[in-house]
Amino acid sequence: MISNEQRAHDIAIALIQANGKDMKPIEAYHEYINYLLPILKEIDKDFKNGIREHI
């Protein structure tokens, strides 16, 4: 099972890679946090016990 935190991290990283090509490191980190927290809140609401992966 993948934790909600790991899933939110993966999504936030993908968004930064797609949208943050010209950002400086600190700016990219701030943007990552701005993506991460709302995604994590939404995932936690929908998947209280984590996300089960199909293997």
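Here, every reference points to the structure presented above.
A brief look at the structure comes next. (Residues numbered from 1 in each chain as written. Predicted model: local features only at pLDDT ≥ 70, side-chain atom pairs only at ≥ 80, totals over all residues. Heavy atoms only, no water.)

1. A word on the overall build of the chain
When helices and strands are counted, the chain shows 2 helices and 0 strands. The principal-axis extent of the C-alpha atoms belonging to the chain is close to 35 × 25 × 15 Å. If you take every contact in the chain between residues at least 6 apart in sequence, the share linking residues at least 24 apart comes to 70%. Carbon together with sulfur atoms contributes 57% to the accessible area of the chain, which is approximately 4,500 Å² in total. Of note, the chain has its 7 positive side-chain charges centred 3 Å away from the centre of its 9 negative side-chain charges. (Helix = DSSP H or I, 4+ residues; strand = E, 2+ residues; numbered from the N terminus. Contact = heavy atoms within 4.5 Å. Areas by Shrake-Rupley, 256 points an atom, 1.4 Å probe, with all protein chains shown as cover. Lys, Arg positive; Asp, Glu negative; His and termini not counted. Charge placed at Lys NZ, Arg CZ, Asp CG, Glu CD.)

2. Focus on the pattern of salt bridges
In this structure the tally under the stated criterion is 1 salt bridge. Across the salt bridge formed by E42 and K45, the nearest N and O atoms sit 3.3 Å from each other. On the criterion of helical spacing, the pair formed by E42 and K45 is a turn pair, its members being 3 residues apart in helix 2 (residues 25-46). (Salt bridge = Lys/Arg side-chain N within 4 Å of Asp/Glu carboxyl O.)

Read these as geometric descriptors, not functional statements.
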